[in-house]
Amino acid sequence: MDLPESPIHNISDTARWVAVYRARESERPDAVFRDPFAQRLAGERGQQIAASMPFAEKNSWPFVARTWLIDRLISEQVRGGIDMVVNLAAGLDARPYRMDLPRSLQWVEVDLPEILAHKEEVLRKEKPVCALERVRLDLSDVQARRELFLQLGRRANRVLVVTEGLLVYLTAEEAAALGNDLAAQPAFQHWILDLASPALLKMLAKKMAAPLDQAGIPLKFAPETGPEFFTRCGWEPEQIHSVMHAAAKIKRLPLFLRLIAMISPARFQPNRPWSGVCLMGRRRSE
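The structure contained in this document is the topic of the report that follows. Small disclaimer: the values here were computed from a predicted structure and weren't measured.

## Some details on the packing of helix H1 (residues 11-27) against helix H4 (residues 61-79)
Okay, step 1: Where H1 contacts H4, the axes come no closer than 9 Å and their chain directions differ by 80°. Judged by the inter-axis angle, H1 sits roughly perpendicular to H4. The segment H1 lies against H4, with Trp17, Val18, Tyr21, Arg22 and Glu25 engaging Phe63, Val64, Arg66 and Thr67.
Okay, step 2: In the contact of H1 with H4, the residues fall into 5 nonpolar, 1 polar and 3 charged.

Listed below in structure tokens is the structure:
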């Protein structure tokens with residue numbers, strides 16, 4: 001049987017899709033963050049994609065909780081004195097425009113040319129709150145990203161790397177290679193990433209993976225060891241936050257899941273549906 005055409009045509013469409021959920025959260029009177037640019041960035045195409053993904057449409061809470069958690073971790077790192085944020089696969093993230101950031105902070109967005117061109121067009125009349133630059137780069141080009149990381153590492157003393165929504169599309173080998181490349185730069189001190197458990201990836205494969213598979217961007221990465229996967233790459237977890245428990249805290253979790261969250265541990269469990277946001281630090285020498 002022929003499957004219906006995927007509403008998602010490429011990896012950049014996932015950025016439009018997720019921006020819809022940030023826009024909807026921003027419209028709430030009790031919003032936990034405000035992204036006044038999300039609706040314009042998502043555009044009509046983003047709305048169409050979100051409407052065609054029934055499982056995700058009913059389960060927007062992970063996207064909201066993930067954004068809220070990463071906002072908090074970035075703010076914490078800014079207070080701690082970082083001087084550069086490197087946002088890999090930045091997509092339609094508008095944090096340099098909407099967050100309370102020091103003007104002196106360097107913020108570098110790295111992504112494919114098409115999605116960055118769209119963002120620049122939509123935000124052409126807006127002014128970022130910090131020093132923002134954009135780098136058009138395919139992160140699968142290993143040599144080019146290593147050269148970029150080297151250049152950025154020379155420009156800053158304490159760099160925070162963010163990879164929101166990126167790792168799940170990589171193979172384990174690709175994720176490990178990226179972790180190694182980041183750890184090769186001494187100035188890259190911390191790394192915010194999000195992870196799914198194998199059990200969650202299996203559940204998502206049944207519910208919503210078909211459109212992604214058709215678009216050639218299947219969900220892949222869900223390590224059995226969770227955040228500890230990256231210890232061999234030179235990183236160790238400093239903070240691990242369950243997305244479900246964060247969603248319960250901000251009152252975005254459906255009632256039946258709130259009951260589950262009350263009796264479920266927040267720690268990573270490979271055999272249970274789990275997603276989390278992690279703050280990784282450089283691994284200390286033995």
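## Describing the packing of aromatic side chains
Okay, step 1: This structure, assessed with the given rule, holds 10 aromatic pairs.
Okay, step 2: A ring pair is formed by phenylalanine 221 and phenylalanine 229, whose centres lie 5.0 Å apart and whose planes are at 75°; its orientation type is edge-to-face.
Okay, step 3: Judged by centre distance (5.0 Å) and plane angle (80°), the ring pair of phenylalanine 229 and phenylalanine 230 falls under edge-to-face.
Okay, step 4: The class of phenylalanine 230 is buried, set by a relative accessible area of 0%.
Okay, step 5: What links up through ring pairs into an aromatic cluster is the set Trp191, Phe221, Phe229, Phe230 and Trp235.
Okay, step 6: It is arginine 282 that lies over the ring of tryptophan 235; its NZ or CZ is 5.9 Å from the centre.

## A word on the sheet that holds strand E7 (residues 275-282)
Strand pairing in a sheet takes place through backbone hydrogen bonds and is either antiparallel or parallel in direction.
Okay, step 1: Ordered in space as E3-E2-E1-E4-E5-E7-E6, the 7 strands form an open sheet in which the pairing is mixed. Every other strand in the sheet has two partners, leaving strand E3 (131-136) and strand E6 (235-242) as the edge strands with one partner each. Recorded for the sheet is a direction-independent mean angle of 20° between the axes of neighbouring strands.
Okay, step 2: The strands touched by helix H6 (residues 113-122) are strand E2 (106-111) and E3; relative to E3, the strand with the most contacts, the crossing angle is about 145°.

Definitions and cut-offs
- Residues numbered from 1 in each chain as written.
- Predicted model: local features only at pLDDT ≥ 70, side-chain atom pairs only at ≥ 80, totals over all residues.
- Heavy atoms only, no water.
- Axes fitted to C-alpha atoms, helices over the stretch in contact; angles between N-to-C directions.
- Helix = DSSP H or I, 4+ residues; strand = E, 2+ residues; numbered from the N terminus.
- Parallel < 35°, antiparallel > 145°, perpendicular 65-115°, else oblique.
- Contact = heavy atoms within 4.5 Å.
- Nonpolar A, V, L, I, M, F, W, Y, C, P; charged D, E, K, R; others polar.
- Phe/Tyr/Trp six-rings, centres within 6.5 Å; stacked < 30°, edge-to-face > 60°.
- Buried < 20%, exposed > 50% of the residue type's maximum accessible area, 1.4 Å probe, protein only.
- Lys NZ or Arg CZ within 6 Å of the ring centre and 35° of its normal.
- Pairing = 2+ DSSP bridges.

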